[in-house]
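Take a look at the letters that make up each chain.
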Amino acid sequence: MLLDVKGLRKSYPGGDGPVPVLRGVDLSVRGGETLALTGESGSGKSTFLHLVAGLDRADAGSIWLDGEEVADLDDRGRARLRRGTVGIVFQQFNLIPSLDVAGNIAFQARLAGRDDPGRVADLAARLGLEDQMAKYPEDLSGGQQQRVAIARVLAARPKLVLADEPTGNLDEATAERVMEVMTALVAETGAALLVVTHSERLAAGLSRRVHLARGVVS
Amino acid sequence: MRRQIARALWSHWRRAPLLLFTLVAGLALATALWSGVQAINAEARASYDAAAATLGEGRFDQLVREGGIARADYVALRRAGWQVSPVIEGRLGGVRIVGLDPLTAPGGIGPVAMDESDLAAFLSGDGAVYGAQAALDALPPGPAERVLAPDVAPGTVLTDIAVAAGLLGRDPAVIDRLIVAEVQPRIVPPLDEVAPGLTRRTAQGGADIGRLTDSFHLNLTAFGLLAFAVGIFIVHGAIGLAFEERRPLVRTLRALGAPLSTVVWMMGLELLALALIAGALGLALGFALAGALLPDVAATLRGLYGAEVAGSLSLRPGWALAALGISVGGAALAGASALWRIARMPLLAAGRPRAWARGGARGLALQAVAGALLLAVAGGIVLVGGGLGAGFAALGALLVGGALLLPPLLDRALALGARTARGPVAGWLWADGRQQLPGLSLALMALLLAMAANVGVSTMVGSFRSTFTAFLDQRLFADLYVDAGDGDRGAALEAALAGRATVLPVLIVTGEVSGVPVEIQAARDVPAFAANWRFLSAGPDPWGALASGRGAFVSEQLARRAGLSLGEAVDLPGGALPVVAIHADYGNPAGQVILGEAAFRARFPEVSAERFGLLLDAPEAEIRAALADLGIDDSAITDQAALKAFSLGVFERTFSVTGALNVLTLAVAGFAMLMSLLTLAAMRLPQVAPVWASGLTRVQLGRMELARTALLAGFTALAALPLGLALAWMLLAVVNVAAFGWRLPMMLFPGDWARLFALALLAGALASAWPAWRLARTPPAQLLKVFANER
Ligand SMILES: Nc1ncnc2c1ncn2[C@@H]1O[C@H](COP(=O)(O)OP(=O)(O)OP(=O)(O)O)[C@@H](O)[C@H]1O
Ligand SMILES: [Mg+2]
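Counting from 1, residues in each chain are numbered in the order their sequence is written. Chain labels run from A onward and ligand labels from 1 onward, assigned in the order the entries are written. Local features in a predicted model are, by the rule used here, given only for residues with pLDDT of at least 70; side-chain atom pairs are given and counted only at 80 or more, and totals for whole chains, interfaces and linings are based on all residues. With hydrogens and water excluded, all non-hydrogen atoms of the structure serve as input to the side-chain values.

Let us now look at the overall build of chain A. Under the scheme used here, helices are H or I runs from DSSP no shorter than 4 residues and strands are E runs no shorter than 2 residues, and both carry numbers assigned from the N terminus. Secondary structure assignment for chain A yields seven helices and ten strands. Each principal axis of the C-alpha atoms in chain A carries an extent, and together these give about 50 × 35 × 35 Å. Contacts between residues were defined by any pair of non-hydrogen atoms, one from each residue, lying within 4.5 Å. Of the contacts made within chain A by residues no fewer than 6 positions apart, 70% connect residues no fewer than 24 positions apart. Only the protein chains shown count as cover for residues, with accessible areas throughout obtained via the Shrake-Rupley method and a probe of 1.4 Å. When the accessible surface of chain A is split by element, carbon and sulfur atoms take 47% of a total near 9200 Å². The charged-residue count follows a simple rule in which Lys and Arg add positive charge and Asp and Glu add negative charge, with His and chain termini not counted at all. Think of each charge as sitting on NZ of Lys, CZ of Arg, CG of Asp or CD of Glu. When the 26 basic and 29 acidic side-chain charges of chain A are each reduced to a single mean position, those positions are 4 Å apart.

Shown next as structure tokens:
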């Protein structure tokens, strides 16, 4: 099992005490599996992804990722996890503004020690970014930026790819193309993919589908 | 309505207290820096005055008469318009007591130039004696109050003339000598008519410290302005930001019907109020600073002014007004353009605050061109030459040009670093530094100027110190300096001291060489001269050539003005001689020619020596006794060795105080960086959050923040080195020559540079310490907000 989440709880401070968002989430993902995570706005999908990626800490429960308990890791351990084991694509503002496209795509792979210029060029070509390599994020359209973010995560060859509404800001046609490329590339590397999406059509293209509501996954 | 506008404008500060703090603190620091430098300059002046005061007695002509001068003669001279002042002196327990009349003594004589309030203390009751601790201790017990005054020459106490007469048990109506003030009324009756029988003893020549120090003051003043410029950079940044951020507010106010003129007017008024508050704060700060930096001054003043410790450090209205003026003027300078842009802003323009100081590639290129042009202008002015004004214009062009060139240069350097960096983190660090550059460039320019001022100050002060020390060694190498009064007694002195001292007669005539007024002097062929004199340039064996009458030395001033160089003949009475060496003669307005003693006597047989330098081979007491037997009393003897040591001590104190100026300017520049980093911190999260998400820890990010600022500070320091050296060179070789006619040799102190470089890195690291710490402690939830759907 690549990812095994049990009894995950998280609450945020609110006006009258802590407001629970996740109330005991259980979820298992095998290597190579592709999942769609759906749920209403505010149901805690992003929160869940952030916890799995080691970006934030849970209140209770366990997250076993590739044989490691994420909750036991310190800041450095979590950073190592983010470099090599899990890659995340946010809905927006994924890119490092001071680096050009080529630098952005290669950044995480180089951090993980998996620098491979051939793969960067290949990914760029597959995602239609060959002509943008010397540009800076602020000069790219939203769709281009998302493709760069996807290329960056895939270049690092993580075992688990998390994507938080990666196409939320894109028009439908573009969104579909981006998702297609992403699923194809993930399949090639044998990684697992967990995508948060509202789109029925996108969810239909994936192998499994889970729903988050009232703090639990069904 | 005005109240509503004021409230709206003010509300901005409540939401942005950091910005308000930056603005007020920046202005206050700029003012404090300026006041601090003023205080240091004042300290320098006080020190020189003190040094001059101890030389004072030798600086003035004196009237003497065998057996003393009657009070009636003194009164007659004063009535006739002669500016003379009486002195009674003698020895008591090995201490030389000098009684002065403070009402008539020329300025610069006495502990310090006194003003009226001090007179009362000086004159009252049993009186007070002023002297260094050792001299006061050596004084036999007596009723006079002992006041510590370290500025008074060693072994001497000063007091009122009546007190001196009392202490010495002398008739106050018999005066030992009269000091002749430098400036006399244009028409006074000849001395013989008013008071026959008085001899005029001319002032001791030699080191004219006053003129030498004028140059030092000019340089320090230039640096004081530079320090203020550093402050203005900070203010400019803070005010620019404060106004830019309120553009949306101004737009809203106008849309709601507030007239533009009222808004601009009120913002100006608000700025004025802030500037006044900041100026007052800065004044207090500068005041505290001066007190902390100048404990020596306080001690001296305490000694001189008795209970009135606050005397010189009390708030003088002029000083306070100047400080407030500087603060308001600086704010006006920095605020004018910001206000102008607000006033010109079209109503429908985007209310979004423009990104602060975003330069863009074109802006950088423009800046580079403007900077290069200014440097070229500075170079051109130096090449073409000109007066003092041109020199200062060149200085200004150099500094502004250097500051303008900094951001483009840094941008290029960082781009190069990013291209050649190994590893993703290093690559990002360089690229990120480049991205931060526009927001930090004002602070970095301030750092550049501060560093350049530092290199300049240390070079200038160092050069000045070695020059001054060498010059004192050269000019004051004798142990005692004796005025024999006339040639016959001089000859007797030479005979009497033979075997007990090396006697160096002062043989001097004045004349003209190629239209330049000169003093022609003789140098006796003794090893001490060769051991102590340093030349600016010299042919082979200059002393041999001098002693054998085959050549002459000329001073730098004469060489410059008469266009003489080594080997060329200098036209002298009795035949021309080739120049075999050019020596430094700092501060002397006249030119100088040195001849061998034999050659001098052959050319000027009528001149006999009245004054002598003595290098003692026998105990000083024995020599003094021998001189007393010849009728030469203590007033005609100057202890040059003690004088030199004392003068050096006084200067040393001033030099060490200027070191504080360096640290201070750097601290202010560091503060500017801190403020810029803090204002940038809010824009920072979106830039670092993706890096964090990609697998760096927050602690690593904090460390990068430190490294990046240190990197920028380090590069700036590197750029500041040539700029500072150019600055020092201009001051020493261009401005000084234009102002005083001689060039202060420039010396390099690489050890200082290394220390400064380390200090710049430290300033950068300290400035970024807090922002870096904050970044390292940012809660993950806050970083994650960057990626949240709505921002
Ligand atoms: N940093 C935070 N502080 C306080 N509350 C938060 C924070 N982050 C999220 N929340 C709250 O937690 C709940 C879940 O938020 P989350 O972003 O995980 O929802 P989501 O399912 O991703 O919604 P969406 O589909 O709109 O992106 C929301 O009610 C949100 O307001
Ligand atoms: Mg979400």
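Here we take up the site of ligand 1. We call a residue near a molecule or strand when any one of its heavy atoms sits within 4 Å of it. Contacts to ligand 1 come from 14 residues, most closely from A:Ser41, A:Gly42, A:Lys45, A:Ser46 and A:Thr47. Chain contributions to the surroundings of ligand 1 come from chains A and B. Nitrogen and oxygen atoms within 3.5 Å of one another constitute a polar contact, given that in protein one can donate a hydrogen and the other can accept it, and given that sequence-neighbouring residues count only through two side-chain atoms. With respect to ligand 1, the backbone of A:Ser43 contributes an N or O atom lying 3.2 Å from an oxygen atom. A distance of 2.6 Å separates an oxygen atom of ligand 1 from a polar atom in the side chain of A:Thr47. Protein chains shield 66% of the accessible area of ligand 1, which is 630 Å² for the free molecule. The residue classification treats Ala, Val, Leu, Ile, Met, Phe, Trp, Tyr, Cys and Pro as nonpolar and Asp, Glu, Lys and Arg as charged. All others, Gly included, are polar. Its residues placed into classes, the shell around ligand 1 shows three nonpolar, eight polar and three charged.

Taken together, the contact pairs 25 residues of chain A with 28 residues of chain B. Summed over both partners, the interface of chain A with chain B comes to about 2400 Å²; 59% of that surface belongs to carbon and sulfur atoms. Salt bridge criterion: a side-chain nitrogen from Lys or Arg within 4 Å of a carboxyl oxygen from Asp or Glu. The tally of links between chain A and chain B comes to one salt bridge. Close ionic contact of A:Asp75 with B:Arg698 constitutes a salt bridge, the shortest N to O distance being 3.0 Å. Counting across the interface, chain A meets chain B through four residue pairs in polar contact (both at pLDDT 80 or more). Secondary structure elements with two or more residues in the side of chain A that touches chain B: helix 2 (75–84) and helix 3 (101–111) of chain A. Of the residues in the side of chain A that touches chain B, the class split is eleven nonpolar, six polar and eight charged. Put simply, buried area is the surface a 1.4 Å probe can reach on two separate parts but cannot reach once they are joined, added for both.

Once that is clear, we can look at the sheet that holds strand 5 (residues 68–69) of chain A. Residue and element names in this part refer to chain A. Strands were regarded as paired on the criterion that DSSP finds at least two bridges between them. Pairing is antiparallel in the open sheet, where four strands are placed in the order 2-1-4-5. Each end of this open sheet is capped by a strand with a single partner; those strands are strand 2 (17–29) and strand 5. Orientation is described by lines fitted to C-alpha atoms, with helices fitted over the stretch in contact, and by angles between N-to-C directions that extend from 0 to 180 degrees. Sheet contacts for helix 1 (residues 45–52): strand 1 (3–14), strand 2 and strand 4 (60–65); angle to strand 1, the most-contacted strand, approximately 120 degrees.

Residue and element names in this part refer to chain A. When a residue's accessible area, from a 1.4 Å probe over protein chains only, is under 20% of the maximum for its type it is buried; when over 50% it is exposed; and in between it is partly exposed. A large share of helix 3 lies buried, amounting to eight of its eleven residues. Those residues of helix 3 that sit buried are Val101, Asn104, Ile105, Ala106, Phe107, Gln108, Ala109 and Leu111. One or two positions beyond helix 3, positive phi appears at glycine 113, with a value near 75 degrees.

All names here are of chain B. One pass over the structure, following the stated rule, counts 24 salt bridges over all chains. A salt bridge links arginine 624 to glutamate 620; its shortest N-O distance comes to 3.0 Å. One end of the pair, arginine 624, and the other, glutamate 620, are both in helix 21 (residues 620–629), four residues apart, so they sit about a helical turn from each other. Arginine 708 is the salt-bridge partner of glutamate 705, the closest N and O atoms lying 2.8 Å from each other. Of this pair, glutamate 705 and arginine 708 both sit in helix 23 (residues 698–740), separated by three residues, roughly a single helical turn.

Before going further, it helps to examine unusual backbone geometry. In this structure, A:Glu165 takes a positive phi of about 45 degrees despite not being glycine. Note on placement: A:Glu165 falls in the loop between strand 7 (160–164) and helix 6 (172–189). We classify A:Glu165 as buried; its relative accessible area is 12%. Phi at B:Asp541 is positive, roughly 45 degrees, even though this residue is not glycine. Looking at the secondary structure, you find B:Asp541 in the loop between strand 13 (535–538) and helix 18 (542–547). On the basis of relative accessible area, B:Asp541 is assigned to the exposed category, the value being 53%.

Attention now moves to the sheet that holds strand 10 (residues 501–506) of chain B. Residue and element names in this part refer to chain B. If you walk across this open sheet you meet the four strands as 10-18-9-19, and the pairing is antiparallel. A strand with exactly one partner marks an edge of an open sheet, and here the two such strands are strand 10 and strand 19 (637–639). The mean angle between the axes of side-by-side strands here comes to 20 degrees, regardless of whether they run parallel or antiparallel. For strand 9 (residues 480–483) and strand 18 (residues 611–616), the ladder comprises four bridges, and the chain directions are antiparallel. Across the sheet, the residue bridging to aspartate 483 is arginine 611, located in strand 18.

Residue and element names in this part refer to chain B. Summing up the model confidence of chain B, the mean pLDDT is 78 and the portion of residues at 70 or higher is 82%. What pLDDT conveys is the predictor's confidence in a given residue, as a value from 0 to 100. For chain B, helix 11 (residues 295–305) is the element with the lowest average pLDDT, namely 39, and strand 16 (residues 577–583) is the one with the highest, namely 91. Segment residues 111–117: pLDDT under 50, and eleven contacts once partners within four positions in sequence are set aside and those in other chains are kept. Across residues 348–359, confidence stays below pLDDT 50; counting only partners more than four residues off in sequence or on other chains, it has 18 contacts. As scored by the predictor, the complex reaches a pTM of 0.72 and an ipTM of 0.92.

In this section: the packing of aromatic side chains. For this analysis, a ring pair means two rings from Phe, Tyr or Trp (six-membered ring only for Trp) whose centres lie within 6.5 Å, classed as stacked if their planes differ by under 30 degrees, edge-to-face if by over 60, and tilted for the remaining angles. As enumerated under the stated definition, the model contains nine aromatic pairs over all chains in all. Seen from their ring centres, A:Phe90 and B:Phe787 are 3.6 Å apart, and the 5 degrees between their planes marks the pair as stacked. Residue A:Phe90 is found in the loop between strand 6 (86–89) and helix 3, and its partner B:Phe787 is found in the segment after helix 25 (780–785); the two belong to separate chains. Given a relative accessible area of 1%, A:Phe90 falls into the buried group.

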